[in-house]
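What follows is each chain in one-letter form.
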Amino acid sequence: MLGEIEAVVLDIEGTVISISFVKDVLFPFARKNIRAYLESHWEEPELRTIVDQLHTQAIGDVKYHGSVPPIDDPAEAPKEALIAQLEANLLWQMDADRKAAPLKALQGLVWKEGYASGQLRAPLYPDVVPMLTAWKSRRLKLAIYSSGSVQAQQLLFSHTTEGDVTTLLDGYFDINTAGVKTDARSYEVISEAISVDPSKILFLTDIVAVKRCCYYGQSLSDPERRRYHIKVAKCGSDNPLALSDDQFTNDVGCYPSVDRADINDYLVHGTSFVTREQLKSYKSLEAHNYVTSGLVEPPRVKTLRDGNIVVVSKLDAQQRLAAWALSQVHATRSGRGQFQRRTIVNETHEYKEVKETPHNT
């Protein structure tokens, strides 16, 4: 396999370094020191830019998440009150494990001081440096792609227990320079930046959802890939295929609205193999039986960053082939559909068939 590979792109957490270092060392260090950093660097332009970005982000967050700690306008709010708001908001983001660019940038600045003071050292897995060295000797391009900022990545690899290993790496990518990991376009950006065809890049990560996203995007033809990108963009770059189960809810209050006309259209005017008199009981019972029999999983819903909604459910489409169909519907809050997609996936998450259709009802 490596004979065909021209570049290796690596994730960080769980790939080159233990998750515990990030969760139990880096994140707690940022939590403990973030207020002190804000106070001691308050007038620096780089920090002020991040503060403005956090304020803008908080406005959008409050619109869709009522429990988000607010951040007042930095141009008007008193310093101490604003710092308290920033700390509360940043801690909320960390608790939610958000991958927001302003948060990652500020964490990187806090970690920079920790590395410089010697309080932080990154313990790489023992096979990382030998493998990087071996790949480098084979003239493979080596890059890092992580949610953490490029600055944070460079700091980590220049302050490891093995010393400074940045000379082994050719590039760094984050959510600002490439995009989020669950967007297939991000990997095309990296491919173009390092001038290597996607088919010749080995991406190493421990995140299954990211693997699915990469495989799906690369498996499509050019026209299908363009349509796919347009549809993912409608989801605010949240790829429904790559979202984990805990990001969805079964709360019926989050579903798109359905009014009497919708129900009448479905029960009375929709086509069916039964008579008009049987429609009301048959269609509702049929849907109920699909769920209770296990043929269809109960649907789950997520409100996206643009306020629209995606509804996802799995259908046991081919029991003999150990395969299932992932059905997605993207709709506005008012219930107007924008598109739907059905993907046949086997138990090893390989995509066998894709069917995408407009959905305007």
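Residues numbered from 1 in each chain as written. Predicted model: local features only at pLDDT ≥ 70, side-chain atom pairs only at ≥ 80, totals over all residues. Heavy atoms only, no water.

(A) Main features of the overall build of the protein. Counting its secondary structure elements, the protein contains 11 helices and 9 strands. Counting the 361 residues in the protein, one finds 43% classified as buried. Accessible area of the protein: about 19000 Å², with a carbon and sulfur share of 53%. (Helix = DSSP H or I, 4+ residues; strand = E, 2+ residues; numbered from the N terminus. Buried < 20%, exposed > 50% of the residue type's maximum accessible area, 1.4 Å probe, protein only. Areas by Shrake-Rupley, 256 points an atom, 1.4 Å probe, with all protein chains shown as cover.)

(B) Expanded view of the pattern of salt bridges. One pass over the full model with this rule turns up 8 salt bridges. Among the salt bridges present, the one from R31 reaches D95, with a minimum N-O distance of 2.8 Å. With a gap of 64 residues between them, R31 in helix α1 (residues 19–40) and D95 in helix α3 (residues 79–95) connect regions that are remote in the sequence. Ionic pairing is found between R98 and D61, a salt bridge with its closest N-O pair at 2.6 Å. Taken as a pair, R98 in the loop between α3 and α4 (101–117) and D61 in helix α2 (residues 45–64) lie far apart in primary sequence, 37 residues in all. What you see here is one network of salt bridges that share partners, running through E13, K23, D97 and K99. (Salt bridge = Lys/Arg side-chain N within 4 Å of Asp/Glu carboxyl O.)

(C) Structural context of the pairing of strand β2 (residues 141–145). With 4 of its 5 residues buried, β2 lies for the most part within the structure. In this region the chain leaves β2, passes through helix α6 (residues 150–158) and returns to the parallel neighbour strand β3 (residues 171–173); the handedness of that crossover is right-handed. (Right-handed = clockwise from strand over helix to strand, strands pointing away.)

(D) How the structure looks around helix α7 (residues 184–194). Within α7, the full set of buried residues consists of A184, S186, Y187, I190, S191 and I194. All buried residues of α7 project into a common sector of 155° when viewed along the axis, lining one side. Positioned one or two residues after α7, S195 has a phi angle of 60°, which is positive. (Arc of directions from axis to C-beta.)

(E) The sheet that holds β3, seen in detail. Spatial strand order, β3-β2-β1-β4: 4 strands in an open sheet with parallel pairing. Each edge of the open sheet is held by one strand with a lone partner, namely β3 and β4 (201–204). For this sheet, the mean inter-axis angle between neighbouring strands, taken without regard to orientation, is 20°. When strand β1 (residues 7–10) meets β4, the two strands line up parallel, connected through 4 bridges. Bridging from a neighbouring strand, A7 pairs with I201 of β4. Contacting β2 and β3, α6 crosses the sheet at an angle of about 135° to β3. (Pairing = 2+ DSSP bridges. Axes fitted to C-alpha atoms, helices over the stretch in contact; angles between N-to-C directions. Contact = heavy atoms within 4.5 Å.)

(F) Geometry of the nonpolar core. Formed by 54 residues in total, the largest nonpolar core has its most connected members in L106, W111, L156 and F157. Put simply, the parts of the chain that give this core at least two residues each are β1, α1, α2, α3, α4, α5 (128–137), β2 and α6. Here the element with the most residues in this core is α1; it accounts for 9 residues. With sequence-adjacent residues up to four places away left out, F157 is seen in contact with I12, V16, L124, I144, G163, D164, V165, T166, L169 and Y172. Counting residues in each nonpolar core, the second largest holds 12 residues, with V9, A143, F173 and A178 among its members. (Core = buried A, V, L, I, M, F, W, Y, C linked by side-chain atoms within 4.5 Å.)

(G) Up close: α4. End to end, α4 covers 25 Å across 17 residues, agreeing with the expected 24 Å (1.5 Å per residue, within 8%). For α4, the full list of buried residues reads P102, L103, K104, L106, Q107, G108, L109, V110, W111, G114 and Y115. Of the residues flanking the end of α4, it is G118, one or two places downstream, whose phi is positive at about 85°. (Expected span 1.5 Å × (residues − 1).)

(H) Inspection of empty space enclosed by the protein at higher detail. Within the structure shown, the criterion is met by 1 cavity of 30 Å³ or more. Size it by volume and the largest cavity reaches roughly 30 Å³. F27, Q93, M94, D97, R98, L103, K104 and Q107 together form the lining of the largest cavity. Those elements giving two or more residues to the lining of the largest cavity turn out to be α3 and α4. Per-element tally for the lining of the largest cavity: the top contributor is α4, with 3 residues. Residue composition of the lining of the largest cavity, grouped by class: 3 nonpolar, 2 polar and 3 charged. (1 Å grid on protein atoms, 1.4 Å probe; cavity = no way out; pocket = protein on both sides within 12 Å on 5 of 7 lines; lining within 4 Å. Points joined across faces, edges and corners; volume = space filled by probe spheres on them. Nonpolar A, V, L, I, M, F, W, Y, C, P; charged D, E, K, R; others polar.)

(I) Focus on unusual backbone geometry. The phi dihedral of D97 falls on the positive side, at around 55°, and the residue is not glycine. We classify D97 as partly exposed; its relative accessible area is 32%. The backbone phi angle of S195 is positive, close to 60°, even though this residue is not glycine.

(J) Quick look at the packing of α1 against α3. One can describe the packing of α1 onto α3 by two numbers: an axis separation of 10 Å at closest approach and a directional angle of 155°. Taken together, the axes of α1 and α3 lie roughly antiparallel to each other. The two elements α1 and α3 meet at a crossing, and its hand is right-handed. Of the residues in α3, those touching α1 at A30, R31, I34, R35, L38 and E39 are K79, E80, I83, A84, L86, E87, L90, L91, M94 and D95. (Parallel < 35°, antiparallel > 145°, perpendicular 65-115°, else oblique. Left-handed = near helix turned anticlockwise from the far one by under 90°.)

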